[in-house]
Every structure is written in structure tokens, then in C-alpha cells.
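Observations on chain architecture
Spelled out, the chains give:
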Amino acid sequence: MVGRITEVWQYKVMLRSLVLSELRTRYKGSFLGFLWTFINPLLMLVVYTMIFKFVMRVTVPHYAVFMFIGLLSWNMFATTVAASSSVVVRQSSLVKKIYFPREVLPLSVVGGSLINYLLSLLILLPVLIMNGYTPTSLWLFFPLILLVEVLFSCGLALAFSALTVFLRDLEHMLGIFLMAWFYVTPVVYSLAMIPPKMMEVFKLNPMTDVVLALQQIFYYGSPPNWKMLVYGAGVSVVMLLFGWGIFVKLNRRFAEEV
Amino acid sequence: MPSDEFLAVEVSGVTKRFRVHSEKNNTLKDKVFYFNRPKYREFTAVDNVTLSIPRGRTVGLIGANGSGKSSLLKLISRILYPDVGRIEVRGRVASLLELGAGFHPDFTGRENIFINGALLGLSKQALVGKLEEIIAFSELGSFIDEPVRSYSSGMYMRLAFAVAVTVDPDVLLVDEILAVGDAPFQAKCMNRIRQLQAMGKTIVMVTHDMGAVEKFCDTVVWMHRGKVRLQGDPVRSIQSYLQLAFEETGFSKEGSLGPSGDGDVGPESSEENDLGNVDSHAGTDRWGTHEAEIIGMETSIEDGVLGCGEPLHIRVDVMVKEPIENVVFGVGFFSEDGRQFYGTNTFLDHVQLGELHMGLHSVTFRAPSVPLLPGVYHIDIAVHPLEGQVYDYWKSAESFRIASGLRDSGLVRIAHSWEMNGKEYTIHDSPQRMVIE
């Protein structure tokens, strides 16, 4: 296991090159190019705010801020899982022709989404400040919360990238699965709106812990709920080990199956 | 048998089976409905192959399409994993199974050098340092800053090859990529391979180009239906391979049998041979009717080394089993790449040996000077009747190395002197023996 980690580390140049070419090609040929990285979340913000504020009449104060915090973080997670599920098949020419630790492929997806997320924070920041949320020392918890989310994403990315090679339907099932997951995570509504009886069930979802912690430090101005965050971190580590285990077991046959 | 640390690649008892899906069976529907009904048949691509390749050796994998040679190469490069058996590779491996893997058409040639280089495990510093060299090698000139999509296929391959040969591995695995570009570019590629060989790299190449095999390889492994059919010296293996290939495709076995045109195909005795033994002293390839049998041989070669221009004698002891007439003794000299550069026999030399009675005879071939240049050479000896089947042909009965400090080029040192304006010049570096260990 240590051997595999050092090997992935040795291929960090390849990892970086994959992430960069993924980011660079994403908007290649489009008129606005890289600006889409910023326009997309902005447009999303507009659409969701319209629906939930004016149509659904959600009464959360500064709803746009509240929702945007969770939405960006959820997007990073969802795009990672969706894109990673097809990454091995997409890169079949590499998988068939050269040796490299296959973990590099799902990890490059995580890296790409992470960079995109960090860039979209450049939109979040002015939105926060315009609504009167100035930086506090609580914001220092952000990297920790992000780490938990990245670990969890890595775990799922590893698992799904390997499983999809052998069961191609997963890629299509993931869309609906992620949509359902989105609605059981308190992104567009606040956790307070959940009936207390169902609260415990919602708390099992590790993404709830991440999103809630982010809302706490940025929106509510309170320290993260440690019990929940530690639980989330635990689940993430277990998921990472589990996903990696699946990946290690399945990756030996990638070249013949893609 | 070379000890373990001298082996760059060790393949022990490796079997690889593929599932040939009659239909791709990867959807949920198929998994559910055809559960327990495998819709594939198994195909054994590599069947219990054992192989060891010593360090610094260049090995050619040959065989018909589907014989498992590319699969074997992929197994060694860890793209595929064996079902049974074990593969060990010592040192850094670079596999060039496809040129331009990961090339991105939208990026410029320069950018792709970095992308492709990263995929081959090259560090950024190494690439920056060698950037000019790569661009010069690719002969792309100002096109290097154009997107790769605008390249001709030749330009694409040249760039890909230029990056590929920058890799500095201990073990290089190459699949059918030498046939790139025009003749001058090919010559450059060949040169690069030679350089890598000189640097002591281990190279394993899959190719259908028998010329390349003959030129580069020390050893040939002939794969046939997933098994190693023959391994050994290139010329003989290629001959046998081509002969079988032609027979199977219904061509007459007359005509182009192989590079040396010799046509003699001995028993496939070197199968399962250890590659390490191949160029060692005296191969064991012998055939004949054995009415007269070579039972002993003695030469003036000491420790397998002969100096340029030194005398040579070869004594052959022959046991004759029943009285025979018109016996011919022959001797042939071959360079390492299997080319015969001298051969003669008692018949050609008009030596009448008369009738040989039953029992032991001894024949000696004496050469006052063997003016060969440094290299490895093999001697074949034979006893045969004037007409009919050979009694005993012993291929590579003796191998020797010419060791000397001479830097003349070619195979043979033609005795010579220089004269200018009527003045004779003496040649000072007289051919002398220099033992290099």
C-alpha cells in the first residue's frame, strides 16, 4: 500500500499534466473560454435563487449566500463522481498502451474538480462580502472541511471509476442517483427544515456534515459541529480505503476490458 | 546460467487468458439476464511461458499475428497482469507500445512534448533540458508551435518518436514502432537504438521486420500460438520461422527462406533454452545421418579469444562407422549476425582423401593467419559425402572473439602497406593480441 502511494507520487508529473489538459480542453473552442468557470456558478446562483426565493418562497435570510455555499461544494463532489465514473473508459488509449499507476486517472478528475472549485470561490467571496459576511477566524476551518470532502470524493471516484469499467450502466445510473443525493443533502434547504424524526437519517449522509460545516463557518458564523465533522471524516476515510481496495482489485484487468 | 541480478526480465510460467466476448456483456441487463451464463469463450494468448533476459541484451519477439508476442510485451510492461505465473523486471521500464500516446490534437507540438513525456514518466526538468534535442530530432522546425492536429501523419510520428527515444530506462520495450518516417529518419532511429544498446540497456522488441531483428537482436524468441516455439540466435530462428510461415500459408519452401539463404533447418533443440546460454561457447545445433560422426574437436583458440592475424588450426576427430568413400570435410566462418564470410571444404580445395576405413580419423584445418577484426565469430564444421545427405553438421561448433586494439572497419584486415611518392611507410600498430576482459 505504501508502495502504491509512492508510485502514484512518482507519477505526479503525469497527474498534473492530465489535470491541466483536462482544464484547458474543457472550454477550448468556446467563445468565452475559461470565463465559463465563473459564469456557470453565477448563472446557477441566479436560477436557484429565482426558484427557491420567488417561486418556492423559502424564508431563509440571505438565501442566495446560504445556498451558494452548499451548492459550490456539492457541485465539486457531484462532478467528481460523475466524471470519474467514465474516466478509465475515456482514457482507454492510455490504459491500453502505457503503464502508469491507474489511480492517476480518478485522482486527476478529483484534482480538476478541486481546482475548479477553488476558482469558483472567487465568485463566492464577493457574494459573501456584498451580503455583509466579512472574513472571520472561523474561515480558517475551511481547509479542514475541504480535506474531508476531498477524501470522500477520492473514495467514491476510485470505486466508481473501477466499477464502471465492468458495469457500464453505472455511468447512467449515477445521474439519477446523484440527483436524489442532492436533495437529501441540505443545500437548497436548511437542516432546520427537516422533521426531527428524520434528522438522524439525514445525518448519516457524510455530505450533510461537509455542507453543514461550511454553512456554519461562512453563513451562521459558528464553529463546525465537531461531532458531525468527525463522523464525516471517519466515513470519508473508510470510503477512501474501501474505494481504493475495489480499485486495486479491479485495475489489473482494465486494459482488457476497456 | 547467469545469476539473478544479471537478469533484467524474468518471466516464469506465465499464462494469460482473454475473454473473447461474443457480445459485450457489460450492461446491467446482460448481467442480470445472463447471470451464470458466460457469453464469452476463453482464449489463451500466452501459454505457460518462461523466459529470462539478461541485462544489456536485445531480444526480438517474432511470430505470426495472434501468436501472443504483443500480449507478452504488455505483460512485461504491466499493462496486463498474468493469470498464472510471475513476472519480475529489474530496473526502470519504459514501454513504447504506441507512439504519441496521449497526444492532444489541440495542443502545439511543444506542449505535447511535455504531455507525452509526462506519460512516459519523464520529469519536467529532464524534458526542459532535452527540449531542443527533441525538436531537432523531430525535424519539425517551426511547426513545433503549431497544433498537432495540423501535422501530417509523418510529422506526428516523428515528434512522437523523438519524445519516445528520450526516455532513459533500464529496460526498453518496443512494439513495432521502428518503421517510422522516411529513410534518413529511420537511419536516425536505428542509430538511437544502437546508442541505447551501447549504453547497456536491455531492449525487447516486437517486430515483423526480420531485417531489424537481424540487425539489432542478440536473441530471438519465436512465439507460436502463445508458446515459445524457439529461442536462440537470430539467423536460425528467423529461418525456421519464415519456413514455417511459408509452409503454413501454402507457399513453397523454395526461395526466400531466410537471410543467409542456407536453407538448412536443424532440429529445434534450443527450445526452452535459457537466453543466457545462447551466445555462449559452442551451440548444440547438429544434424546429419551420423554415418560418420564428429566426436572431438580441438582448436588453437585459447579461452575463446584469438588475436587478429594469429594462426588458427582446427582438428576434427571423426568416427567412421562403416567404410565410406568420397568424404568431404568442410569448415565455415560466420560473423555474429549469421553471415558467412568464408567457407571451404576438401572437395573445393581438390584434396583427395580416398576411402576411409572404419574407426577414428583426424583431420586438421590450418590457417597461417586469421586476419579478422574485433568481433564474435562462429565456426561450423561438417563431414558430408560428395553427394547426398550430410553425415554430421555441427553449427557453431566453436565460437571465438577477436580481441585487438585495431580500429580498422569491416570484418577482415586485408594485409597491406602504404606508399607515397615512392617512399614506403611501415605500419606501426601491428596487429597484436590484447585481451579484454
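Across its full length, chain B carries eight helices and 20 strands. Long-range contacts, defined as pairs at least 24 residues apart, comprise 71% of the intrachain contacts of chain B with a sequence gap of at least 6. Accessible surface, chain B: about 21,800 Å² in total, of which carbon and sulfur atoms supply 51%.

Of the residues lining the interface, 29 residues belong to chain A; the matching set on chain B comes to 33 residues. Both sides together, the interface formed by chain A and chain B hides about 2,700 Å², and carbon and sulfur atoms give 55% of it. Looking at the side of chain A facing chain B, the largest losses of area belong to Lys97, Tyr99 and Arg252 of chain A, adding up to 23% of the total buried there. Taken together, chain A and chain B are joined by two salt bridges. Between arginine 78 of chain B and glutamate 7 of chain A there is a salt bridge; the shortest N-O distance is 3.7 Å. Counting every contact that joins chain A to chain B gives two residue pairs in polar contact (both at pLDDT 80 or more). Listing elements by their share of the side of chain A that touches chain B, those giving two or more residues are helix H2 (12-26), helix H6 (92-97), helix H8 (142-166), helix H9 (169-183) and helix H13 (254-257) of chain A. The dominant element in the side of chain A that touches chain B, judged by the number of residues it contributes, is H2 of chain A, at seven residues. In the side of chain A that touches chain B, the residues fall into twelve nonpolar, four polar and 13 charged.

Turning next to the sheet that holds strand E7 (residues 202-206) of chain B. All names here are of chain B. Strand order in this open sheet of six strands is E5-E6-E7-E3-E8-E9, and the pairing throughout is mixed. If you trace the sheet from one side to the other, it starts and ends with strand E5 (93-96) and strand E9 (227-232), each paired once. Averaged over all neighbouring strand pairs, the angle between strand axes comes to 15°, with direction disregarded. The pairing of strand E3 (residues 58-62) with strand E8 (residues 219-224) spans four bridges and is parallel. Residue pairing for E8: valine 59 is matched across the bridge by threonine 219. Helix H2 (residues 69-76) contacts E3, strand E6 (171-175), E7 and E8 of the sheet and is inclined by roughly 150° relative to E6.

A pair of packed helices is characterised by two quantities: the angle between their axes and the separation of those axes. Packing of H2 of chain A against helix H3 (residues 109-119) of chain B leaves a shortest axis separation of 8 Å and a crossing angle of 135°. In this view, H2 of chain A runs oblique relative to H3 of chain B, as classed from their interaxial angle. For the crossing formed where H2 of chain A meets H3 of chain B, the hand is left-handed. Across the interface between the two elements, Val13, Met14, Ser17, Ser21 and Arg24 of chain A from H2 of chain A touch Glu111, Ile115, Ala118 and Leu119 of chain B from H3 of chain B. Partitioned by chemical class, the residues of the contact of H2 of chain A with H3 of chain B number five nonpolar, two polar and two charged.

So, about H2 of chain A. Spanning 15 residues, H2 of chain A covers 21 Å between terminal C-alpha atoms, matching the ideal 21 Å at 1.5 Å per step. Residues of H2 of chain A that are buried in the fold lie against H6 and helix H7 (104-130) of chain A together with H3 of chain B.

Quick look at unusual backbone geometry now. The backbone phi angle of histidine 62 of chain A is positive, close to 45°, even though this residue is not glycine. When you line up the elements, histidine 62 of chain A lands in the loop between helix H3 (36-55) and helix H4 (63-85). Of note in the backbone geometry, arginine 225 of chain B takes a positive phi value of approximately 50° without being a glycine. Secondary-structure assignment places arginine 225 of chain B in the loop between E8 and E9. Assessed through its relative accessible area of 62%, arginine 225 of chain B is described here as exposed.

Here we come to the side chain of aspartate 392 of chain B. All names here are of chain B. Note that aspartate 392 resides in strand E18 (residues 392-402). At 2.4 Å, the side chain of aspartate 392 forms a polar contact with the side chain of arginine 286. In this view, aspartate 392 contacts Arg286, Trp287, Gly288, His290, Ala292, Glu293, Ile294, Ile381, Ala382 and Val383; residues no more than four positions away in its chain are not counted.

Glancing now at empty space enclosed by the protein. All names here are of chain B. Following the criterion strictly, the structure yields two cavities of 30 Å³ or more and no others. In this structure, the largest cavity occupies an estimated 40 Å³ of space. Around the largest cavity sit Leu96, Glu98, Leu99, Gly100, Ala101, Asn116, Leu120, Ala160 and Ala164, which together line it. When the residues that make up the lining of the largest cavity are grouped by side-chain class, the tally is six nonpolar, two polar and one charged.

Once that is clear, we can look at the nonpolar core. Trp74, Phe77 and Phe100 of chain A together with Leu72 and Ile113 of chain B are the most contacted members of the largest nonpolar core, which totals 163 residues. At 15 residues, the largest contribution of residues to this core is made by H8 of chain A. Composition of this core by domain shows at least three residues from each of domain 1 (4-232) and domain 2 (235-403) of chain B. The residues touching isoleucine 113 of chain B, leaving out its near neighbours within four places in the chain, are Leu127, Leu131, Ile134, Ile135, Ile144, Leu159 and Val163 of chain B. Ranked by size, the runner-up nonpolar core spans 30 residues in total, among them Ala292, Leu312, Val327 and Tyr391 of chain B.

Residue and element names in this part refer to chain B. One open sheet accounts for three strands, arranged E11-E13-E16; its pairing is antiparallel. Only two strands of the sheet have a single partner each, and these edge strands are strand E11 (292-299) and strand E16 (359-370). With direction set aside, neighbouring strand axes in the sheet form an average angle of 20°. Note: E11 against strand E13 (residues 310-320), seven bridges, orientation antiparallel. Looking across to E13, one finds that glycine 296 is bridged to aspartate 317.

Rules used in this analysis
- Here the residue numbers are simple positions, counted from 1 along each chain's written sequence.
- Working convention: letters from A go to chains and numbers from 1 go to ligands, in the order in which they are written.
- Since the coordinates come from a predicted model, pLDDT governs what is reported: local features require at least 70, and pairs of side-chain atoms require 80 or more to be given and counted, while whole-chain, interface and lining totals use all residues.
- Side-chain metrics rest on all non-hydrogen atoms present in the structure, leaving aside hydrogens and water.
- In this description a helix means any DSSP run of H or I spanning at least four residues, a strand means any run of E spanning at least two, and both kinds are numbered starting from the N terminus.
- By definition in these notes, contact holds between two residues if any of their heavy atoms fall within 4.5 Å.
- All accessible-area figures derive from a Shrake-Rupley calculation using a 1.4 Å probe, and residue coverage is judged against the displayed protein chains alone.
- By convention, the term buried area covers the 1.4 Å-probe accessible surface removed from two parts as they join, with the contributions of both added.
- The salt bridge criterion pairs a side-chain nitrogen of Lys or Arg with a carboxyl oxygen of Asp or Glu, the two atoms within 4 Å.
- What qualifies as a polar contact is a pair of N or O atoms within 3.5 Å, subject to a donor-acceptor requirement within protein and to the restriction that residues adjacent in sequence count only when both atoms come from side chains.
- Here the nonpolar group is Ala, Val, Leu, Ile, Met, Phe, Trp, Tyr, Cys and Pro; Asp, Glu, Lys and Arg are the charged ones; every other residue, Gly included, is treated as polar.
- Any two strands are treated as partners once DSSP identifies two or more bridges connecting them.
- Axis definition: a line fit to C-alpha positions, over the contact stretch in the case of helices; interaxial angles, taken between N-to-C directions, run 0 to 180 degrees.
- Under this scheme an angle from 65 to 115 degrees is roughly perpendicular, one under 35 degrees roughly parallel, and one over 145 degrees roughly antiparallel; angles in between are oblique.
- If you view the pair so one helix is near and one far, a crossing is left-handed when the near helix is turned anticlockwise from the far one by less than a right angle, and right-handed when it is turned clockwise.
- By definition here, a helix of n residues has an expected span of 1.5 Å times n minus one.
- Type-normalised accessible area, obtained with a 1.4 Å probe on protein chains alone, sets the label of each residue: buried when under 20%, exposed when over 50%, and partly exposed for intermediate values.
- In this analysis the probe radius is 1.4 Å and the grid spacing 1 Å, with only protein atoms considered; a cavity is a set of points the probe fits into but cannot get out of, a pocket is an open set with protein on both sides within 12 Å along at least five of seven lines, and lining residues have an atom within 4 Å of a point.
- Grid points are joined across faces, edges and corners, and a volume is the space filled by probe spheres set on the points.
- Only buried residues count toward a nonpolar core. Its members are Ala, Val, Leu, Ile, Met, Phe, Trp, Tyr and Cys residues joined through side-chain atoms within 4.5 Å.
- For the purposes of this description, domain bounds are those given by an automatic or database domain assignment.

These results come straight from atomic positions and should not be treated as a statement about function.
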